[in-house]
Amino acid sequence: MANNLLQSPHASAVPFSRPPTPGVHPLQVGFCGLGSMGYFMARNLATSFKSQLPPLIVYNRTVAKSQKLLAELGASAVKVVNTLDQLVTECDIIFTNLANDAAVMSVYNEFAKALAQSPPTKVKIFVEMSTIYPALAGDLDRLLSSYPHTHFVTSPIFGPPPGADKATLVIAMSGDYRSKKEIAFLLVPAVGRKVIDLGGNVEKAPTLKLIGNGMIMGMNELLAETLTLGEKSGIGQQTVYDLVKEIMPAPGLVAYGHKMVNDLFDGSIGFALDGGIKDANHIRRLSAELNCPMPAVDNAHRALIGARAMHQAQIVAGTQQWDVLDWSSLIASSRVGAGLNPFDSKKGTGVTRDDE
């Protein structure tokens, strides 16, 4: 099914050999879910293969997002459909990137109805890229496997919206081997920089995604605590952040530290706090099922809930600065615990450095 004109990523980026040369008809690719990550991924897919594949077919519950992408890229790169049935019927490969498990289950139930009404006569691959609970992946695989020529792959991605914009995402992948080969050469380098293969069990990639998000979550909590301590001690959070950049310049620490120090908590252009809470709930459930305590994630979950409570109180009072919080705003809980303003670090500590 793969197109022989597709780009050739560095061998170490894709752990599969190139798929066989396709037949007469090129792949028709579709994308469902144009949120803060999905929009950039769909755009990059559409532009990367504009001259080699038919226009990317897109569906989004809010049609304005689809129309925005069409306006940006033009009809030669994007085709908008109004129903999930059209997406399933017309596409060979369908990518989904959705907000939560309920949305994913709802969309895949609609896919199943479309497949029942019009059973595929050739291979059709569904690629789930959302952050979901691993058991749901197994449910989706069983749901789709009852239809002929239908395959399911989980392919969650690591990286923030700017990473999706710049196509620097890391992509986990599990499921049918031949399907993964097709997908990997579509996604790298168009959408991401590397694929991590987790084997045939579709629950493994979502599990790694939760583990990775747990690391980021725990890192953010520790970062919030140390930045707050820096401010209270008179060292200043900026000085602590400068130290982070010198001795632990991991991209996540640098990016989220920048947001915390500068109070850049607009979740509409980042990773929404509610998404962080959803992921924390998944990680805590997984850790409980496996008898593997994760106190760092427990602390981050508490901080996220606290930040949401403070934000909702501001909404009620009409004093909120942002309609949606970024999950880096979990620092609000550390700040309030230390007697500081939750979302405005410029409202000072009352502590000054000795040289000031």
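Everything quoted here is computed from the prediction, not taken from an experiment.

Parameters at a glance
Residues numbered from 1 in each chain as written. Predicted model: local features only at pLDDT ≥ 70, side-chain atom pairs only at ≥ 80, totals over all residues. Heavy atoms only, no water. Helix = DSSP H or I, 4+ residues; strand = E, 2+ residues; numbered from the N terminus. Expected span 1.5 Å × (residues − 1). Contact = heavy atoms within 4.5 Å. 1 Å grid on protein atoms, 1.4 Å probe; cavity = no way out; pocket = protein on both sides within 12 Å on 5 of 7 lines; lining within 4 Å. Points joined across faces, edges and corners; volume = space filled by probe spheres on them. Nonpolar A, V, L, I, M, F, W, Y, C, P; charged D, E, K, R; others polar. Axes fitted to C-alpha atoms, helices over the stretch in contact; angles between N-to-C directions. Parallel < 35°, antiparallel > 145°, perpendicular 65-115°, else oblique.

Colleague: How should helix H5 (residues 134-145) be read in this particular structure?
Modeller: When the terminal C-alpha atoms of H5 are compared, their 17 Å separation across 12 residues agrees well with the 16 Å that a helix rising 1.5 Å per residue should span. Buried residues belonging to H5 abut helix H4 (101-117), strand E5 (124-128), strand E6 (150-154) and helix H8 (204-233).

Colleague: How do you make sense of empty space enclosed by the protein when you look at a structure like this?
Modeller: Empty space among the atoms becomes apparent when a probe as large as a water molecule is rolled across them. Inspection of every chain in the model, using the stated rule, returns two cavities of 30 Å³ or more. A volume near 70 Å³ is recorded for the second largest cavity. Gln-28, Val-29, Leu-45, Ala-46, Phe-49, Lys-50, Leu-53, Pro-54, Pro-55, Leu-56 and Ala-77 together form the lining of the second largest cavity. Looking at the lining of the second largest cavity residue by residue, the classes come out as nine nonpolar, one polar and one charged.

Colleague: What's the story with the packing of H8 against helix H9 (residues 237-247) in this structure? I'm lost.
Modeller: Pairs of packed helices are described in terms of their axes, by the angle between the two and the distance that separates them. At a minimum axis separation of 7 Å, H8 and H9 run at an interaxial angle of 135°. Comparing their axes, H9 and H8 come out oblique. Judged by residue contacts, Leu-223, Thr-226, Leu-227, Gly-230 and Glu-231 of H8 engage Gln-237, Val-240, Tyr-241 and Val-244 from H9. Partitioned by chemical class, the residues of the contact of H8 with H9 number five nonpolar, three polar and one charged.

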